[in-house]
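Below are the chains, spelled out letter by letter.
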Amino acid sequence: MLDVCLLGTGGMMPLPYRKLTALMTRFNGSNLLIDCGEGTQVAVKDKGWSFHDIDVICFTHFHADHISGLPGFLLTMGNAERTEPLLVIGPKGLERVVNALRTIAPELPFPIRFHELSHREEVIRIHGYKVHAFRVQHNVTCYGYTLEIERKGKFDVSRATEADIPQKYWSRLQNGETIDDGERVLTPDMVLGPARRGIKVTYCTDTRPTQLIAECARGADLFICEGMYAEKEKEAKARQYKHMTFYEAAKLAAAAEVSELWLTHYSPSLVHAENYMKGVKKIFPQAFPGTDGKSVELDFR
């Protein structure tokens, strides 16, 4: 099961009723955070989730509303007695930017490891997550992220028996281990069926709509996408500043055939996102306005 929480839904600046955009997930005792703008600590505290177990922080890009909350966040993680390494993922220049911010948070009880993205698409596997980073189209280098929890095939007792594999090895093979018993090499594919559908969440913000976004979100259980503007008269502004409208996000969701769309990263001038959903649902019926703290538990089908 994957827990997903949209910590905040605001773009550009935090508001009294809307924190800056960030996403947090929990899977098998490991937490992952995407973006960390001002106020993200408060959002995590409001949700009641743990700072200690955050193993990965992904950054879409280095605009202040997506990263300025990091120094305080790292200090809070340290105060939560974290000592395990933290992996930070983001565009090229990540280590320089984070270390500059750490001028005001120089001493931490845990090491930070950096993975700087330099290709159009990259995949990182860590703590049960398959993190697929893909480049989007903003006015600075920016990435979207697809998080997948992969699921192995079912254990096939008849195949294990026919292959004369001793039962003492079954659980080890089921867990993906390759075994040399002295006479032959036993591999998981000898006892497992085809891989089953896992869980997939795609998060994308600060971009124009692109074909790559639709490809990377294909079939996602949940697609969280920016809807900076909802007003029809602001379509030109969205194009100028490399953002998206509600309706463009809905078209992407329909093209990607996702199960559900949550809108996020609203302009500070957008007060009632829900008032615009009728037009959005005409394009993609399973579209919903994101709200601070909006959560879901996604399970394997």
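Described in the following lines is the structure provided in the data block. (Residues numbered from 1 in each chain as written. Predicted model: local features only at pLDDT ≥ 70, side-chain atom pairs only at ≥ 80, totals over all residues. Heavy atoms only, no water.)

Further remarks concern the pattern of salt bridges. As enumerated under the stated definition, the model contains 12 salt bridges in all. Glu-150 is paired through a salt bridge with Lys-130; the nearest N and O atoms lie 4.0 Å apart. With Glu-150 in strand β9 (residues 143–151) and Lys-130 in strand β8 (residues 129–135), the pair connects residues that are 20 residues apart, well separated along the chain. On the basis of relative accessibility, which here comes to 46%, the residue Glu-150 falls in the partly exposed class. Overall, the relative accessible area of 18% leaves Lys-130 in the buried class. Residues participating in the shared-partner salt-bridge network are Arg-125, Lys-130, Glu-148 and Glu-150. (Salt bridge = Lys/Arg side-chain N within 4 Å of Asp/Glu carboxyl O. Helix = DSSP H or I, 4+ residues; strand = E, 2+ residues; numbered from the N terminus. Buried < 20%, exposed > 50% of the residue type's maximum accessible area, 1.4 Å probe, protein only.)

Turning to the pairing of strand β4 (residues 54–58), a few remarks are in order. With respect to burial, β4 is a largely interior element, five of its five residues being buried. One ladder, built from four bridges, connects strand β3 (residues 30–34) with β4; its direction is parallel. The partner of Leu-32 across the bridge, within β4, is Val-56. Traced from β3 through helix α1 (residues 40–47) to β4, the parallel crossover comes out right-handed. Two strands pair when backbone bridges link them, and β4 and strand β5 (residues 86–91) are joined in this way by three bridges, in the parallel orientation. For Ile-57, the partnering residue across the bridge sits in β5 and is Val-88. (Pairing = 2+ DSSP bridges. Right-handed = clockwise from strand over helix to strand, strands pointing away.)

Another aspect to go through is the environment of Ile-149. Structurally, Ile-149 can be placed in strand β9. Leaving out residues up to four positions away in the same chain, Ile-149 has contacts with Leu-2, Phe-27, Gly-128, Tyr-129, Gly-198, Ile-199 and Phe-300. (Contact = heavy atoms within 4.5 Å.)

The subject of this paragraph is the sheet that holds β4. Within a sheet, adjacent strands bond to each other through the backbone by hydrogen bonds, running parallel or antiparallel. Strand order across the open sheet formed by seven strands is β6-β5-β4-β3-β2-β1-β16, with mixed pairing between neighbours. Unpaired on one side and paired on the other, β6 (112–117) and β16 (294–298) mark the two borders of the sheet. Across the sheet, the mean angle separating the axes of adjacent strands is 15° when strand polarity is ignored. Pairing of strand β1 (residues 2–8) with β16 involves five bridges; the strand directions are antiparallel. Paired with Leu-2 across the two strands is Leu-298, which belongs to β16. (Axes fitted to C-alpha atoms, helices over the stretch in contact; angles between N-to-C directions.)

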